[in-house]
Amino acid sequence: MDYVSALVPPVVMAAFFIFLIRVIVKTQGGANKAKEDAAVDAALARAESARQAPARNDA
């Protein structure tokens, strides 16, 4: 029975890893992809404008 107790943790971790990968793959794309992309683009635009704004004030 020692071999069963030795195999249980790796099997449980493998099952959890497979479940995690499936969740990640299923949540990529889909209906929310455009909304998520727009949010990232808006955040990048705000960061870029904030970075360039002090340079315009110095000139």
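The structure displayed is predicted, hence computed values, not measured ones.

Enquirer: Can you break down the pattern of salt bridges residue by residue, with the values?
Expert: If you walk through the whole model with that rule in mind, you get 1 salt bridge. Note that glutamate 48 and arginine 51 form a salt bridge whose closest N and O atoms lie 2.8 Å from each other. Of this pair, glutamate 48 and arginine 51 both sit in helix H2 (residues 33–58), 3 residues apart, which is roughly one turn of that helix. Judged by its relative accessible area of 32%, glutamate 48 is partly exposed. Residue class for arginine 51 comes out exposed when judged on its relative accessible area of 57%.

Conventions and cut-offs
Residues numbered from 1 in each chain as written. Predicted model: local features only at pLDDT ≥ 70, side-chain atom pairs only at ≥ 80, totals over all residues. Heavy atoms only, no water. Salt bridge = Lys/Arg side-chain N within 4 Å of Asp/Glu carboxyl O. Helix = DSSP H or I, 4+ residues; strand = E, 2+ residues; numbered from the N terminus. Buried < 20%, exposed > 50% of the residue type's maximum accessible area, 1.4 Å probe, protein only.

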